[in-house]
Amino acid sequence: VTCLLGEDGKRAYREFFETLLAAEDGATLWHCTEGKDRAGLGAVIVERALGVPEAYVRADYLATNLFVRNRAEGIIDAISEKLRLARGLDADVDSLFYAYNDYYDRAMAAVSANYGSFDNYLTEALDFGPEKRQALRAKYLR
């Protein structure tokens, strides 16, 4: 949630939106190691700014789980085998790799609690008002 509400996070997302608006043509790629934190929430913000229905935004956020399972399981197996540690390890590793509905819900609740609505968050925190959202839609929803 800090990446959404903290000053550094808001500044980074403002710059991110400016980068998206400045892109000349083609797609814009952003990524991170797992896709549930900064980049994953960045995708949530972009999809919400584009007007994607919330159910689809949530499903996309949770889709990161489809791609991290093998990596997470491999790490758990390697640590368990090497250190003979298994009790509680699954939950710890899972929290690092997997996106959960609870993470999404808490992030959206924090935005609502601080700004009243997601649109207000876009406008007030990210300086991404209706005009910029329309420009984003025109550029990326062809």
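Residues numbered from 1 in each chain as written. Predicted model: local features only at pLDDT ≥ 70, side-chain atom pairs only at ≥ 80, totals over all residues. Heavy atoms only, no water.

Quick notes on the overall build of the protein
Item 1. Assigned secondary structure in the protein consists of nine helices and zero strands.
Item 2. Each helix and strand of the protein, ordered N terminal to C terminal, gives the series α-α-α-α-α-α-α-α-α.
Item 3. Relative to its 142 residues, the protein shows a buried fraction of 37%.
Item 4. Considering only contacts within the protein whose residues lie at least 6 apart along the sequence, 69% involve residues at least 24 apart.
Item 5. In the structure as shown, the protein presents an accessible area of about 8700 Å², 53% of it carried by carbon and sulfur atoms. (Helix = DSSP H or I, 4+ residues; strand = E, 2+ residues; numbered from the N terminus. Buried < 20%, exposed > 50% of the residue type's maximum accessible area, 1.4 Å probe, protein only. Contact = heavy atoms within 4.5 Å. Areas by Shrake-Rupley, 256 points an atom, 1.4 Å probe, with all protein chains shown as cover.)

Concerning the nonpolar core
Item 1. By size, the foremost hydrophobic cluster in this structure holds 28 residues, and its most contacted members are L4, Y13, F17, I45, Y121 and L126.
Item 2. Where this core is concerned, the elements lending two or more residues are α1 (2–5), α2 (7–22), α3 (38–50), α4 (54–62), α7 (101–115) and α8 (118–125).
Item 3. The element contributing the most residues to this core is α3, with six residues. (Core = buried A, V, L, I, M, F, W, Y, C linked by side-chain atoms within 4.5 Å.)

Quick look at the confidence of the model for the protein
Item 1. Per-residue pLDDT for the protein averages 84, and the proportion of residues at 70 or more is 75%.
Item 2. Per-residue pLDDT, averaged within each element of the protein, yields its smallest value for helix α6 (residues 89–97) (61) and its largest for α8 (97). (pLDDT = per-residue confidence, 0-100.)

Things to note about the packing of α7 against α8
Item 1. With their axes 8 Å apart at the nearest point, α7 and α8 run at an angle of 70 degrees to one another. By the criterion of interaxial angle, the relationship of α7 to α8 is roughly perpendicular. Pair α7 / α8 crosses with left-handed handedness. Together, M108, V111 and Y115 of α7 and F118, N120, Y121, E124 and A125 of α8 make up the contact between the two elements.
Item 2. The class makeup of the residues in the contact of α7 with α8 is six nonpolar, one polar and one charged. (Axes fitted to C-alpha atoms, helices over the stretch in contact; angles between N-to-C directions. Parallel < 35°, antiparallel > 145°, perpendicular 65-115°, else oblique. Left-handed = near helix turned anticlockwise from the far one by under 90°. Nonpolar A, V, L, I, M, F, W, Y, C, P; charged D, E, K, R; others polar.)

What about the packing of aromatic side chains?
Item 1. One pass over the structure, following the stated rule, counts six aromatic pairs.
Item 2. Measuring from ring centre to ring centre gives 4.0 Å for F17 and F128, while their planes differ by 25 degrees; the resulting arrangement is stacked. Taken together, the residues span a long stretch of sequence, with F17 in helix α2 and F128 in the loop between α8 and α9 (130–140) at a distance of 111 residues. When sorted by exposure, F17 lands in the same class as F128, which is buried.
Item 3. Centroid distance Y61 to Y104: 5.7 Å. Interplanar angle 45 degrees. Geometry classified as tilted. (Phe/Tyr/Trp six-rings, centres within 6.5 Å; stacked < 30°, edge-to-face > 60°.)

Regarding the packing of α3 against α4
Item 1. Two elements in contact, α3 and α4, have axes separated by 10 Å at closest approach and are oriented at 160 degrees. Of the possible angle classes, the one that applies to α3 and α4 is roughly antiparallel. Viewed along their axes, α3 and α4 form a crossing whose handedness is right-handed. Mapping the contact onto sequence places G40, L41, V44, E47 and R48 in α3 and E54, Y56, V57, D60 and Y61 in α4.
Item 2. The class makeup of the residues in the contact of α3 with α4 is five nonpolar, one polar and four charged.

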